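Chain by chain, the residues run as shown.
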Amino acid sequence: MPSKKIRRAPTGAAHGPQKQKREKGSTKSKPRAETPSAPQPSRAKGGPAPKAGPAKPLPGKGPPKPPGKGAKPLPGKGPTRPSPAPSQGAASKAKPQGAKPAPQGQGAKPAPQGAKPAPQGAKPAPKGKKAAGPVTIDLPPPAPSKKKKRATLSAEGPARCGTVALVGRPNVGKSSIMNALLGQKIAATTHKPQTTRRALRGVLTEANTQLVFVDTPGLHSEEGKGGLLSYMLDEALAAAASTDVVCFVVEVDRKRQGVHKDDADALVKVMAKKKASVPVVLVINKVDVLEDKAALLPILSTWATSDRFAGYVPVSAHDGDNLAELVRELSRLVPEGEHLLPSDSLTDQSERDIAAELIREKVMLELHEELPYRTAVIVEHFDEARRDDLQKPLVHIAGVVVVEKDSHKAMVIGKQGTRIKAIGQRARKELEHLLMCQVHLELFVKVEKDWTQSGAGLRKMGYDR
Ligand SMILES: Nc1nc2c(ncn2[C@@H]2O[C@H](COP(=O)(O)OP(=O)(O)OP(=O)(O)O)[C@@H](O)[C@H]2O)c(=O)[nH]1
Ligand SMILES: [Mg+2]
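Residues numbered from 1 in each chain as written. Chains lettered and ligands numbered in written order. Predicted model: local features only at pLDDT ≥ 70, side-chain atom pairs only at ≥ 80, totals over all residues.

Across the sheet, which stays open at both edges, the 3 strands sit in the order S7-S8-S9 with mixed pairing between neighbours. The open sheet has two free edges, formed respectively by strand S7 (376-383) and strand S9 (438-447), since each of these has just one partner strand. Geometrically, the sheet is characterised by an average inter-axis angle of 20 degrees between neighbouring strands, direction not taken into account. As paired strands, S7 and strand S8 (residues 394-403) are joined by 7 bridges and run antiparallel to one another. In the strand pairing of S8, Asp383 is matched with His396. (Pairing = 2+ DSSP bridges. Helix = DSSP H or I, 4+ residues; strand = E, 2+ residues; numbered from the N terminus. Axes fitted to C-alpha atoms, helices over the stretch in contact; angles between N-to-C directions.)

The next subject is the pairing of S8. Strand residues, when the strand is regular, have side chains that alternate between the two faces of the sheet. Most of S8 sits inside the fold, with 9 of its 10 residues counted as buried. Here 10 bridges tie S8 to S9, and the two strands are oriented parallel to one another. Bridge assignment links Val401 to a residue of S9, and that residue is Val445. (Buried ≥ 20, exposed ≤ 12 C-beta atoms within 10 Å, placed from the backbone.)

Another point: the sheet that holds strand S6 (residues 309-314). An order of S2-S3-S1-S4-S5-S6 is seen for the 6 strands of this open sheet, with the pairing classed as mixed. Edge positions in the sheet fall to strand S2 (200-206) and S6, since each of these pairs with one other strand and no more. The average angle at which neighbouring strand axes cross in this sheet is 25 degrees, direction not considered. As judged from the 4 bridges shared by strand S1 (residues 160-167) and strand S4 (residues 245-251), these two strands associate in the parallel manner.

The nonpolar side chains of a soluble globular protein tend to be buried, and buried together. Counting 102 residues, the largest nonpolar core has Val167, Val246, Phe248 and Val283 as its most contacted members. Per element, the largest residue contribution to this core is 9 residues, and it comes from helix H2 (residues 227-242). Formed jointly, this core draws a minimum of three residues from each of two domains, domain 1 (1-84 + 349-465) and domain 2 (160-333). (Core = buried A, V, L, I, M, F, W, Y, C linked by C-beta atoms within 7 Å. Domains from an automatic or database assignment.)

Here the focus is the pairing of S4. Taking burial as the measure, the 7 residues of S4 include 7 buried ones, the bulk of the element. Residues of S4 alternate between two faces, with Val245, Cys247, Val249 and Glu251 on one and Val246, Phe248 and Val250 on the opposite face, all of them buried. Where S4 lies against strand S5 (residues 280-285), 6 bridges are found, and the strand directions are parallel. Residue pairing for S5: Cys247 is matched across the bridge by Val281.

Attention now moves to helix H6 (residues 351-366). Here H6 spans 23 Å end to end across 16 residues, near enough to the 22 Å set by a 1.5 Å rise per residue. The element H6 is largely enclosed, with a buried count of 16 among its 16 residues. (Expected span 1.5 Å × (residues − 1).)

Note on placement: Trp303 falls in helix H4 (residues 296-303). The spatial distance from the C-alpha of Trp303 to the C-alpha of Ile284 is 9.9 Å, given a sequence separation of 19 residues. Leaving out residues up to four positions away in the same chain, Trp303 has contacts with Leu282 and Tyr312. (Contact = placed C-beta atoms within 7 Å.)

Our focus in this paragraph is the site of ligand 1. Around ligand 1 sit 23 residues in total, of which Gly173, Ser175, Ser176, Thr196 and Gly218 are the nearest. Considering every element that reaches the shell around ligand 1, the biggest residue donor is helix H1 (residues 174-182), with 3 residues. Partitioning the shell around ligand 1 into residue classes produces 6 nonpolar, 14 polar and 3 charged. (Near = placed C-beta within 6 Å. Nonpolar A, V, L, I, M, F, W, Y, C, P; charged D, E, K, R; others polar.)

Turning our eyes to something else, we now look at the environment of Lys185. Note that Lys185 resides in the loop between H1 and S2. C-beta crowding within 10 Å serves as the criterion here: with 26 such atoms nearby, Lys185 is assigned to the buried category. Along the primary structure Lys185 and Ile354 are separated by 169 residues, whereas in three dimensions their C-alpha atoms are 9.1 Å apart.

For the rest of this paragraph, the subject is helix H5 (residues 323-333). By the criterion of burial, H5 is predominantly enclosed, with 8 of the 11 residues buried. Within the span of H5, buried status applies to Leu323, Ala324, Leu326, Val327, Glu329, Leu330, Ser331 and Leu333.

Attention shifts here to the confidence of the model for the chain. Residues with a pLDDT of 70 or more make up 67% of the chain, whose mean pLDDT is 77. Every residue in residues 7-12 is under pLDDT 50, and counting partners more than four places away or in other chains gives 17 contacts. (pLDDT = per-residue confidence, 0-100.)

For Thr375, the location among the structural elements is in the loop between H6 and S7. Judged by the 23 C-beta atoms lying within 10 Å of it, Thr375 falls in the buried class. Separated by 33 residues in sequence, Thr375 and His408 place their C-alpha atoms 8.9 Å apart. Sequence-distant contacts of Thr375, defined by excluding residues within four places in its chain, comprise Val363, Leu367, Val401, Val402, Val403 and Val412.

Closest axis-to-axis distance for the H6/helix H8 (residues 418-435) pair is 9 Å, and the angle between their directions is 140 degrees. The crossing of H6 and H8 is right-handed. Contacts from Glu351, Ile354, Ala355, Leu358, Ile359, Lys362, Val363 and Glu366 of H6 reach H8 at Arg419, Ala422, Ile423, Arg426, Ala427, Glu430, Leu431, Leu434 and Leu435. Here the residues of the contact of H6 with H8 are counted per class, giving 11 nonpolar, no polar and 6 charged. (Left-handed = near helix turned anticlockwise from the far one by under 90°.)

Set out below in structure tokens:
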């Protein structure tokens, strides 16, 4: 049976902030999401299922990986939008055609009471250094500037299509920006740095322009550590090296004057990797934190001292501020050319991939200190046999939270299973929103010794290039 398409949530809108819609009703029956047990040998047979790859490779992406068992990428392409892409930046608020109705279960279960809010005092990335004060950006000389052609998002004029990397240091809001641009949450986002681990593509088609965004892991300053951290850095820099346009994302920081040293370091890395002809747009995110927008001026002037940027766009992924302007700016920078993908394409990820990421997001939110950085999530079963059930559409998902040590396993499970239960409750809610049907989620915890450091371990988790 072909996999169902990911539908833009009814409230979702391209260029809009992501608002999580409260589920009206979900499940009557007790979800099995919170089962805190190790996977049965039969289940884990042959190790975790390989990451499901896209059916159709997108630019900058290697050959597709074989889909994992039960993972069904959409026929011919990644998950698609439900309806033709909106034109002229219009936020499509129409209910997707053919969209499955939300589950009507009576006795709707309220939002999990026990689910913990995102920890506020969580520690930042392991050993991440933060340098205060203004710094100088030491960059190679700029490439000779090319005269930019003016284009608009009107249906007139030549078709344009290009890839756009979203790069920058961890936690500046790259994934949030992509989600907001697409009007659909496909990337995990948390307040903890290093949430994104692999490049993830999202497609926005408006009128005659198609932008293929590549969300990337944060450019951290822990080079030379090998393992997962190196993989993440390579993923981000490979995206910068292979796209038509680079968005260098920074965040507004009310407490800091001048350029953050980690931003400066990240920019040097990007400039060294990207092709000389590739334009870089500076995207200043989180402008919503500024009560007085005049405070943007000194921030802009700090960055504007160099002529390396093809444009400067302050935005707020949370509020959706200025995202349409960002799309306009990018649409004039991408090359002329036919669209590479159907206009309703949304991403190269299968629903199964996205489910794994969203479960991992909840794992990151529920765990503390080093633990979030040493866990992976694999979806072993993604059973859609009952998804078309008119009475009670249901998807059954079995996921494995992989940790590095037995002691970590106990921490993930928590006292009497409370932590894995909280993870499961939060994840199930998010997955029901994504899949627009009831979800039965089972979670298991498994130890894979030091997987973040070994090539074999990384490959098993799908982190291989
Ligand atoms: N106030 C505010 N917060 C934002 C905005 N965009 C993102 N954030 C928050 O910033 C934090 C990091 O967001 P992410 O989108 O995960 O950041 P990222 O750059 O993808 O992070 P990595 O994947 O770790 O590199 C989250 O807590 C977001 O909610 C924004 O426009 N305004
Ligand atoms: Mg991210």
